Amino acid sequence: MLRSHRPCLPLVALLFVAACDPPPPTRTGGTAGLEYSIIQLQTVTDPDYPGVDARVLIRDAIVTAVDTYDEDGEGSVGSVWIAEPVPGPWSGVQLFDPVVIPARVRLAPGDIVEVSATLDEFVLLDASGRPMDRDGTETELVDASVQKIGETFPPGPTDIPEAYLADLRQAEPWEGCLVRLTDLTLTGGYDRYGEAPTAGGASIANEMYEIPGAEAGLAIRSLTGVVTYFFGFKILPRGPEDVEL
Ligand SMILES: [Ca+2]
Ligand SMILES: [Ca+2]
């Protein structure tokens with residue numbers, strides 16, 4: 001997947017923002033940026049939404065997924081998904097290719113982490129800098145460092161209707177979240193983008209795991225995964241334990 005990133009704000013701009021903006025209620029004395037909940041980062045209508053390119057700090061998030069599967073042989077690994085300790089809409093977000101501290105740590109679901117990152121709304125741009133997708137963007141954290149500070153139980157998914165993923169408005173609150181869909185039927189196998197369609201209009205992508213034998217007619221009783229957006233919403237199962245046929 002071809003990705004491009006905005007450059008970091010110069011330090012002087014960060015200092016200016018930090019000095020002149022009214023502090024959100026969760027401001028801390030740290031130097032890594034102001035502290036936010038994931039919900040504040042996902043909700044543009046929240047009064048404390050910091051805006052794209054803001055440097056942000058997130059404390060006590062729980063890792064829900066780690067991409068270690070190179071689905072296209074081009075090194076498509078490294079993204080990490082985190083969530084608030086209490087699941088629900090707007091409570092998850094993707095970290096695009098973060099630096100893990102300490103480097104020897106292999107993050108796994110259930111790890112408790114602190115994250116310093118830049119907020120982005122990712123969309124592919126054409127040669128003249130215009131969005132190639134007019135329908136949506138993916139909220140994600142880039143230029144991120146993620147530090148493991150503890151462990152807890154791996155978080156469970158939230159059950160949502162399959163139809164939510166076929167509707168831009170209803171899917172948006174679940175972007176970045178770990179969810180579970182039930183009683184799906186595939187209407188095709190994986191296409192050249194690594195996506196398999198369901199009868200209810202959802203799309204299952206192979207970014208972290210590819211369901212063996214995926215083809216039209218395959219019935220899936222339960223499918224867990226994180227929700228992402230790239231020219232439409234899709235669910236990403238993390239491994240065989242996320243798929244119940
Ligand atoms: Ca979003
Ligand atoms: Ca991958």
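Residues numbered from 1 in each chain as written. Chains lettered and ligands numbered in written order. Predicted model: local features only at pLDDT ≥ 70, side-chain atom pairs only at ≥ 80, totals over all residues.

Attention shifts here to the confidence of the model for the protein chain. Low-confidence regions, as indicated by low pLDDT, have predicted coordinates that should not be scrutinised in detail. Residues of the protein chain with pLDDT of at least 70 account for 87%, and the chain-wide mean is 90. Note that pLDDT drops below 50 for residues 4-23; the model gives that stretch 10 contacts with residues more than four away or on any other chain. Note that residues 27-31 has pLDDT below 50 and, in this model, 4 contacts with residues that lie over four places away or in other chains. (pLDDT = per-residue confidence, 0-100. Contact = placed C-beta atoms within 7 Å.)

One broad trend across soluble globular proteins is that nonpolar side chains are buried collectively. Ala61, Ile82, Leu95, Val115, Val179, Val227 and Ile235 are the most contacted members of the largest nonpolar core, which has 53 residues in total. No fewer than three residues from each of domain 1 (11-151) and domain 2 (158-244) sit in this core. Aside from chain neighbours lying at most four places away, what touches Val115 is Ile58, Ala61, Ile82, Leu95, Leu141, Ala144 and Val146. (Core = buried A, V, L, I, M, F, W, Y, C linked by C-beta atoms within 7 Å. Buried ≥ 20, exposed ≤ 12 C-beta atoms within 10 Å, placed from the backbone. Domains from an automatic or database assignment.)

By the bridge criterion, 2 bridges tie strand 8 (residues 158-159) to strand 9 (residues 178-185) in an arrangement that is parallel. Note on strand 9: the bridge partner recorded for Thr158 is Val179. Two strands pair when backbone bridges link them, and strand 9 and strand 12 (residues 219-229) are joined in this way by 7 bridges, in the antiparallel orientation. Looking at strand 12, one finds that Leu181 is bridged to Leu223. (Pairing = 2+ DSSP bridges. Helix = DSSP H or I, 4+ residues; strand = E, 2+ residues; numbered from the N terminus.)

This next bit is on the pairing of strand 3 (residues 80-83). Residues Val80 and Ile82 of strand 3 are buried on one face, and the alternating residues Trp81 and Ala83, pointing to the opposite face, are buried as well. By the bridge criterion, 4 bridges tie strand 2 (residues 55-66) to strand 3 in an arrangement that is antiparallel. Paired with Val63 across the bridge in strand 3 is Ile82. Relative to strand 4 (residues 92-95), strand 3 runs antiparallel, the two being bridged by 4 bridges. Opposite Val80, over in strand 4, you have Leu95 as the bridge partner.

In this section: the environment of Ser116. With respect to the secondary-structure elements, Ser116 resides in strand 6 (residues 111-122). Of the residues examined, Ser116 has 21 C-beta atoms within 10 Å and is grouped as buried. Separated by 31 residues in sequence, Ser116 and Gln147 place their C-alpha atoms 8.7 Å apart.

Let us look at the environment of Pro197. Considering the arrangement of structural elements, one finds Pro197 in strand 10 (residues 195-197). Residues Pro197 and Ala214 lie 17 residues apart in sequence; the distance between their C-alpha atoms is 9.9 Å. Aside from chain neighbours lying at most four places away, what touches Pro197 is Leu186, Thr187, Gly188 and Ser203.

Here we come to unusual backbone geometry. With an omega dihedral of -10°, the bond running from Ile101 to Pro102 counts as a cis peptide bond. Despite not being glycine, Asp183 shows a phi value in the positive range, around 55°. Inspection of the secondary structure assignment puts Asp183 in strand 9.

What follows deals with the environment of Gly225. Mapping Gly225 onto the fold places it in strand 12. Sequence separation between Gly225 and Arg180 is 45 residues, and the spatial gap between their C-alpha atoms is 6.5 Å. Filtering out sequence-adjacent residues up to four positions away, Gly225 remains in contact with Ile235, Leu236, Pro237, Arg238 and Asp242.

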